[in-house]
Amino acid sequence: MKAAVFQSGQTAPGALLHIEDVDLPEPSAGYVLLRVVACGVCRTDLHIVEGDLPPIKPRLIPGHQIVGEVAGGATVSLPLGTRVGVSWIGGVDGSCWFCHHEMENLCDQPTFTGYTVDGGYAEYVVVREDFAFPLPSGLEDAHVAPLLCAGIIGFRSLRVAGVEPGERVGLFGFGSSASLAIAILQSWRCEVYVSTRGEAHRERATALGATWVGAEEDRPPVKLDRAVTFAPSGKVVVNALSSLRKGGVVAINAIHLDQMPAFDYDSLLWGERQIRSVANMTRNDARDFLKLAHDLNIRPMVTVFPLADANQALLAVKNETGLGSAVIVP
Ligand SMILES: [Zn+2]
Ligand SMILES: [Zn+2]
């Protein structure tokens, strides 16, 4: 099969992945083989190939927003041809303290799709059967893909921030994840305040019905109940914190931050304000979000790339060019 392979230590700017012929993977018990029909590109993929996250496998096929059809290892619950989605959390041990306390997102021995095991920048992929989510019909493959990480993690971020219906919520940064989260916030009748760099992102936020839209350094005109930061920047977290009311929460939707700058405790964190990180997701987050996305008919804007152009797809995410989410269709 064709695959886009990342070899740690062998990268050049603009050519982080090599398109190669590799052996078709074989599913063992508990796993299914999927024919990949679409795979979304996530900022985390960029963190992996640029070395912000330490390499786990010397040769890796990235990609963790996989839409695929069961093509091998079929089971009663996942017959041949079933369309499923696979996300970043590709497996847990089921035995650690966190798994026993309904926090499988924090599992001590997790499997991460497209990081600790091969992912979906390929024609086929093998995944754990119990981490493949049957997908609702109605959405085209390429439009489902960005829901599988950007969508689910954006949704989890709203949960971690503790958003209640009708609240004032700030979104700091407005890429793929935020543009999906705004649809959920609107269904909860929240006021949404968007602060982001890039005229295209501001226009998109306005078009999607944000209450207020400003530049990265602008502050919303009201105090926020909750905020979610999407940019991989500690400065943005401090900006969000400075916009919170007392008792408010900032949830950080980023697997990697450049660094957290020093900030003034008395004026920014005192008053029971909270900063929380958002780590991975649970299967319940995935199922709940996919159902909500279906009910709300969330249809992300996407730019499609063939597998041969996987490097261009990564660059589109890096440089925030292209409209909406980048999706590879092999
Ligand atoms: Zn565990
Ligand atoms: Zn992701």
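All values reported here derive from a predicted model rather than from experimental measurement.

## Observations regarding the sheet that holds strand β14 (residues 224-229)
Piece 1. If you trace the six strands from one edge of the open sheet to the other, you get β13-β12-β11-β14-β15-β16, paired in parallel fashion. Looking at the sheet topology across the chains shown, the edges are occupied by β13 (212-214) and β16 (274-277). Averaged over all pairs of adjacent strands, the angle between strand axes in this sheet comes to 15°, irrespective of strand direction.
Piece 2. Pairing between strand β11 (residues 168-172) and strand β12 (residues 191-195): five bridges, direction parallel.

## Looking at the coordination of the zinc ion (ligand 1)
Piece 1. Distances from the zinc ion (ligand 1) to its protein donors, Asp93 (OD), Cys96 (SG), Cys99 (SG) and Cys107 (SG), fall at 2.0 to 2.3 Å.
Piece 2. Metal-centred angles of 92 to 119° between the four donor atoms at the zinc ion (ligand 1) mark the site as tetrahedral.
Piece 3. Taken in chain order, the donor set of the zinc ion (ligand 1) reads D-x2-C-x2-C-x7-C.
Piece 4. Here aspartate 93 falls in the partly exposed class, since its relative accessible area comes to 30%.

## Focus: the packing of aromatic side chains
Piece 1. On inspection of all chains with the given rule, the structure shows four aromatic pairs.
Piece 2. With 4.6 Å between their ring centres and 10° between their planes, tryptophan 88 and phenylalanine 112 make a pair best called stacked. Residue tryptophan 88 is located in the loop between β6 (83-86) and β7 (89-91), and its partner phenylalanine 112 is located in strand β8 (residues 111-112); the two are separated by 24 residues in the primary sequence.
Piece 3. Look at tryptophan 88 and you get buried, because its relative accessible area is 3%.
Piece 4. Pairing tryptophan 88 with tyrosine 115 gives two aromatic rings, centres 5.8 Å apart and planes at 20°, and the pair type is stacked. With tryptophan 88 in the loop between β6 and β7 and tyrosine 115 in the loop between β8 and β9 (124-128), the pair connects residues that are 27 residues apart, well separated along the chain. The residues tryptophan 88 and tyrosine 115 share a single accessibility class, namely buried.
Piece 5. Among the aromatic side chains, those forming a connected cluster through ring pairs are Trp88, Phe112 and Tyr115.

## Structural notes on helix α7 (residues 234-241)
Piece 1. Burial runs high along α7: seven of the eight residues are buried.
Piece 2. Inspection of α7 places Gly234, Val236, Val237, Val238, Asn239, Ala240 and Leu241 among the buried residues, and these make up the whole buried set.
Piece 3. Of the residues that open α7, the one with a side-chain oxygen 3.3 Å from the backbone nitrogen of lysine 235 is serine 233.

## Describing helix α6 (residues 199-207)
Piece 1. Here α6 has its buried residues at His201, Arg202 and Ala205. Seen from one end, α6 has its buried residues packed into an arc of 100°, which puts them on one side. More than 90 degrees from the buried face of α6, the exposed residues found are Glu203 and Ala207.
Piece 2. Residues of α6 that are buried in the fold lie against α5 (176-187), β12 and β13.
Piece 3. Following α6 by one or two positions, glycine 209 adopts a phi angle in the positive range, close to 95°.

## So, the nonpolar core
Piece 1. By size, the foremost hydrophobic cluster in this structure holds 95 residues, and its most contacted members are Tyr121, Leu147, Leu171 and Phe289.
Piece 2. Residue contributions to this core peak at seven residues, all from helix α4 (residues 150-161).
Piece 3. Setting aside residues no more than four positions away along its own chain, phenylalanine 289 makes contact with Leu147, Gly151, Ile152, Phe155, Ile184 and Ile298.
Piece 4. Listed in part, the 15 residues of the second largest apolar core include Leu224, Ala227, Val237 and Leu244.

## Observations concerning the side chain of asparagine 280
Piece 1. Within the element layout of this structure, asparagine 280 appears in the loop between β16 and α9 (283-296).
Piece 2. Within the structure, the side chain of asparagine 280 is placed 3.0 Å from the side chain of tryptophan 88, a separation counted as a polar contact.

## What to know about the pattern of salt bridges
Should their charged atoms come close, side chains of opposite charge can pair.
Piece 1. Across all of its chains, the model carries 19 salt bridges by this definition.
Piece 2. Put simply, arginine 283 and aspartate 130 hold a salt bridge, and the shortest N to O gap is 3.9 Å. Remark: aspartate 130 occurs in the loop between β9 and β10 (132-134) and arginine 283 occurs in helix α9; sequence separation between them is 153 residues.
Piece 3. For arginine 283, a relative accessible area of 17% puts it in the buried group.
Piece 4. Arginine 168 is the partner of glutamate 191 in a salt bridge, and the nearest nitrogen-oxygen pair spans 3.2 Å. One end of the pair, glutamate 191, is in strand β12; the other, arginine 168, is in strand β11, with 23 residues separating them in the sequence.
Piece 5. Of the residues examined, glutamate 191 reaches a relative accessible area of 28% and is grouped as partly exposed.

Quick notes on the rules
Residues numbered from 1 in each chain as written. Chains lettered and ligands numbered in written order. Predicted model: local features only at pLDDT ≥ 70, side-chain atom pairs only at ≥ 80, totals over all residues. Heavy atoms only, no water. Pairing = 2+ DSSP bridges. Helix = DSSP H or I, 4+ residues; strand = E, 2+ residues; numbered from the N terminus. Axes fitted to C-alpha atoms, helices over the stretch in contact; angles between N-to-C directions. Donors = N, O, S within 2.8 Å, 3.2 Å for Na, K, Ca; no water. Tetrahedral: all angles 85-135°; square planar, octahedral: opposite > 155°, others 65-115°. Buried < 20%, exposed > 50% of the residue type's maximum accessible area, 1.4 Å probe, protein only. Phe/Tyr/Trp six-rings, centres within 6.5 Å; stacked < 30°, edge-to-face > 60°. Polar contact = N/O pair within 3.5 Å; in protein donor to acceptor, adjacent residues only side chain to side chain. Arc of directions from axis to C-beta. Contact = heavy atoms within 4.5 Å. Core = buried A, V, L, I, M, F, W, Y, C linked by side-chain atoms within 4.5 Å. Salt bridge = Lys/Arg side-chain N within 4 Å of Asp/Glu carboxyl O.

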